[in-house]
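# Reading the structure
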Amino acid sequence: MSETAVKTGMRKHAPTIPESGRMRRIVKNRAIYLMILPGFLYFLIFKYIPMSGLIIAFQDYQAYLGVTGSPWVGFKHFERLFTEPMFFTILGNTLLLFFLNLAFYFPVPIILALMLNEVRREAFKRFIQTLVYIPHFMSWVIIVSISFVMLSMDRGIINELLVMAGFEKINFLMSSDWFRPMYVLQIIWREAGWGTIIYLAAMAAIDPGLYEASRIDGASRFRQMWHITLPSIRSVIVVLLILKIGDVLELGFEHIYLLLNSMNRDVAEIFDTYVYTAGLKQGQFSFSTAVGFFKSLIGLILVMLANWLAKKAGEEGIY
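Residues numbered from 1 in each chain as written. Predicted model: local features only at pLDDT ≥ 70, side-chain atom pairs only at ≥ 80, totals over all residues. Heavy atoms only, no water.

## Here we look at the domain arrangement of the protein
- Entries for the protein in the domain assignment read domain 1 (24–58) and domain 2 (75–313).
- Between the C-alpha centres of domain 1 and domain 2 the distance comes to 28 Å.
- Taken together, the 5 residues of domain 1 in the interface contact 8 residues of domain 2.
- Across the domain 1 to domain 2 interface the summed buried area is about 550 Å²; carbon plus sulfur atoms make up 80%.
- Ranking the residues of domain 1 by area buried against domain 2 places Ile56, Ala57 and Phe58 at the top, with a combined share of 79%. (Domains from an automatic or database assignment. Contact = heavy atoms within 4.5 Å. Buried area = accessible area lost by both parts, 1.4 Å probe.)

## Describing the UniProt feature "transmembrane region" (unreviewed entry) in the protein
- The UniProt record marks residues 31–49, 95–116, 128–151, 192–213 and 290–310 with the feature "transmembrane region" (unreviewed entry), using the residue numbering of this structure.
- Across residues 128–151, helical content stands at 75% and strand content at 0%; the span's end C-alpha atoms are separated by 26 Å.
- Structurally, residues 290–310 is divided into 100% helix and 0% strand, and its ends, taken at the C-alpha atoms, are 30 Å apart. (UniProt positions renumbered as here; feature names shortened; annotations may be inferred. Helix = DSSP H or I, 4+ residues; strand = E, 2+ residues; numbered from the N terminus.)

## Observations concerning the side chain of Asn261
- Position of Asn261 among the secondary structure elements: in the loop between α15 (253–259) and α16 (265–268).
- A polar contact is formed between the side chain of Asn261 and the backbone nitrogen of Met263, at a distance of 2.9 Å.
- Leaving out residues up to four positions away in the same chain, Asn261 has contacts with Leu173 and Met174. (Polar contact = N/O pair within 3.5 Å; in protein donor to acceptor, adjacent residues only side chain to side chain.)

## Focus on the nonpolar core
- With 34 residues, the main nonpolar core has Leu81, Leu97, Phe179, Tyr183 and Phe271 as its most contacted residues.
- Put simply, the parts of the chain that give this core at least two residues each are α6 (87–105), α9 (140–151), α11 (176–204), α15, α16, α17 (271–280) and α18 (285–312).
- Per-element tally for this core: the top contributor is α11, with 6 residues.
- The residues contacting Leu81, other than those within four sequence positions of it, are Phe87, Phe271, Phe287, Val291 and Phe294.
- Counting 17 residues, the second largest nonpolar core, distinct from the first, contains Leu112, Ala113, Tyr133 and Met203. (Core = buried A, V, L, I, M, F, W, Y, C linked by side-chain atoms within 4.5 Å. Buried < 20%, exposed > 50% of the residue type's maximum accessible area, 1.4 Å probe, protein only.)

## Some remarks on the environment of Tyr211
- Topologically, Tyr211 is positioned in helix α12 (residues 208–216).
- For Tyr211, a relative accessible area of 14% translates into the label buried.
- In the structure, Tyr211 is positioned 16 residues away from His227 in sequence and 9.9 Å away in space, judged by C-alpha atoms.
- Setting aside its immediate chain neighbours within four residues, Tyr211 contacts Asn117, Ile206, Gln224, Ile228 and Thr229.
- For Tyr211, the side chain forms a polar contact with the side chain of Thr229, separated by 2.6 Å.

## Details of the UniProt feature "domain: ABC transmembrane type-1" (unreviewed entry) in the protein
- UniProt records the feature "domain: ABC transmembrane type-1" (unreviewed entry) at residues 91–306, using the numbering of this structure.
- Counted over residues 91–306, helix gives 75% and strand 0%. Its end C-alpha atoms are 20 Å apart.

Given below as structure tokens:
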């Protein structure tokens with residue numbers, strides 16, 4: 001067989017590469033796209049396809065009639081939401097808890113990551129990391145239960161220490177004044193360690209030569225942290241802050257619901273618990289969907305606004 005025939009046969013059996021530049025890149029990087037596929041399918045099936053159910057926010061949805069048979073009511077449920085006597089109380093509680101969360105929790109993982117980054121003994125560093133990661137793997141039921149045991153009026157360790165110090169017992173669990181500090185401290189306890197992972201990964205990518213040059217110039221550890229580490233992870237901080245702002249009305253149902261009781265409802269009721277009690281428990285699916293739609297829309301607007309401000313300030317943003 002001639003050399004020309006052999007080459008012709010090889011060309012016939014070789015995989016066809018698309019002419020398009022985009023398709024050529026997809027075929028070339030097909031292994032990466034296959035790795036992305038499970039995550040893409042997850043978001044498609046559980047996040048995007050269910051968004052079609054938002055249509056019932058504009059209907060008087062009846063389960064036996066279905067989506068296609070339920071009557072349209074326009075913005076009736078949104079009007080009800082905005083005219084509810086509890087609306088401004090719930091909105092105020094939600095916003096205040098969010099800003100407390102942003103002010104007191106958000107900086108903690110950054111500070112903790114900076115402290116861990118300064119630890120030079122790897123064994124001790126890994127031990128501390130494991131110790132602060134563990135609470136993240138506990139459910140809110142366990143976290144709140146431990147808090148109840150510690151803060152209980154009946155033999156709670158905190159109240160026992162207060163009595164030993166000569167103070168009176170405090171009813172932490174039933175007090176409106178103590179609900180918000182308890183909520184924020186529980187979030188810090190559970191999530192602060194886990195939140196350091198991204199910051200530590202960003203710090204690991206910093207050029208060690210920058211630290212060596214600063215040491216030659218006589219910079220202290222604090223100066224290195226302030227002038228090298230923090231500026232190097234600033235873009236990561238901005239991105240996570242933008243994503244955090246998107247959750248302004250999404251504080252989490254489970255945590256708040258476990259802390260909620262008749263004595264602190266005036267400061268603890270938020271949109272998530274309101275949807276559950278006033279919407280789902282009473283079968284008002286259209287109304288609860290309208291509340292969820294409102295929360296998502298506010299979150300989207302704030303993310304876009306925060307991203308625009310970040311770009312105006314010279315940061316990359318999230319898109």
